[in-house]
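Each chain is listed here by its residues.
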Amino acid sequence: MPAAMKTPDEIDRRLIALLQDDARRPVVALAQAVGLSRSAVQERLQRLEAHGVIAQYTVRLGHGIAPLQAWLCLRYAEGFSCDDVMPALQAMPEVRECHSLAGDIDLLVRVATATPAQLADARERIAALKGVDDVTTLPVLRTLLDRG
């Protein structure tokens, strides 16, 4: 296990912001943007990856291929918790995010599918999970801000 990491500095934060904007940006372009050598930036990226600050590089779909998305508000059945439901949700590729909440809703789940039928199927499978008592579906009509 790597040694404890110091708090990310301003250059680390700038690198992270640049990668959030375009994860395919070449290391040379990152180096130019932050005013460091390519090797210094590569070392910083390796350190950020090793300490889990950067967990993965991903693809965010652009216009024309945007998935159909919905937020599902789950309530657990009596005696059940997040630990009972999360393994099944993690196994579903259409489940993109899960957030444990305080209040009337126990778990907020974002799903993304290509078609309304796939969305309905995912919602039905989630509603049928052992430990899920109720599901409210909130389809996303339009994304107005996504800082990813």
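See the structure shown above.
An account of the accompanying structure is given in this report. Given the structure is predicted, the values throughout are model-derived calculations rather than measurements.

1. Brief notes about the overall build of the protein
Within the protein one finds 5 helices and 4 strands. Listed by position from the N terminus, the elements making up the protein come as α-α-α-β-α-β-β-α-β. Radius of gyration (C-alpha) of the protein: 19 Å, far over the 15 Å computed for a compact globule of 148 residues. Its C-alpha atoms give the protein principal-axis dimensions of roughly 55 × 40 × 25 Å. Among the 148 residues that make up the protein, the fraction classed as buried is 26%. Sequence separation of at least 24 residues holds for 64% of the intrachain contacts in the protein that already meet a minimum separation of 6. In the structure as shown, the protein presents an accessible area of about 10000 Å², 53% of it carried by carbon and sulfur atoms. If you average the places of the 17 positive and of the 19 negative side-chain charges in the protein, the two averages end up 9 Å apart.

2. Some words on the pattern of salt bridges
Per the stated rule, a full pass over the model turns up 8 salt bridges. Between Glu 97 and Arg 110 there is a salt bridge, with the nearest N and O atoms lying 2.7 Å from each other. Of this pair, Glu 97 sits in strand β2 (residues 95-100) while Arg 110 sits in strand β3 (residues 107-113); the two residues are 13 residues apart in sequence, bridging distant segments of the chain. The exposure class of Arg 110 is buried, given its relative accessible area of 18%.

3. Considerations on helix α4 (residues 82-90)
Three or more residues of α4 are buried, namely Val 85, Met 86 and Leu 89. The arc enclosing the buried residues of α4, seen along the axis, measures out at 105°, which places them on a common side. Turning to α4, the residues buried within the fold contact β1 (68-76), β2, β3, α5 (116-127) and β4 (132-139).

4. Some points on the sheet that holds β2
Sheet architecture is open: 4 strands sit in the order β2-β3-β1-β4, paired in antiparallel fashion. What marks the edges here is a single partner per strand, and that holds for β2 and β4. Strand-to-strand twist of the sheet, defined as the mean angle between neighbouring strand axes without regard to direction, takes the value 20°. Where β1 meets β4, 7 bridges bridge the pair, whose relative direction is antiparallel. Of the residues in β4, the one forming a bridge with Leu 74 is Val 135. Sheet strands in contact with α4 are β1, β2, β3 and β4, and its direction is about 10° off that of β3.

The rules behind the values
- Residues numbered from 1 in each chain as written.
- Predicted model: local features only at pLDDT ≥ 70, side-chain atom pairs only at ≥ 80, totals over all residues.
- Heavy atoms only, no water.
- Helix = DSSP H or I, 4+ residues; strand = E, 2+ residues; numbered from the N terminus.
- Rg over C-alpha atoms; globule rule 2.2 N^0.38 Å.
- Buried < 20%, exposed > 50% of the residue type's maximum accessible area, 1.4 Å probe, protein only.
- Contact = heavy atoms within 4.5 Å.
- Areas by Shrake-Rupley, 256 points an atom, 1.4 Å probe, with all protein chains shown as cover.
- Lys, Arg positive; Asp, Glu negative; His and termini not counted.
- Charge placed at Lys NZ, Arg CZ, Asp CG, Glu CD.
- Salt bridge = Lys/Arg side-chain N within 4 Å of Asp/Glu carboxyl O.
- Arc of directions from axis to C-beta.
- Pairing = 2+ DSSP bridges.
- Axes fitted to C-alpha atoms, helices over the stretch in contact; angles between N-to-C directions.

Worth remembering: the numbers are spatial, not functional.
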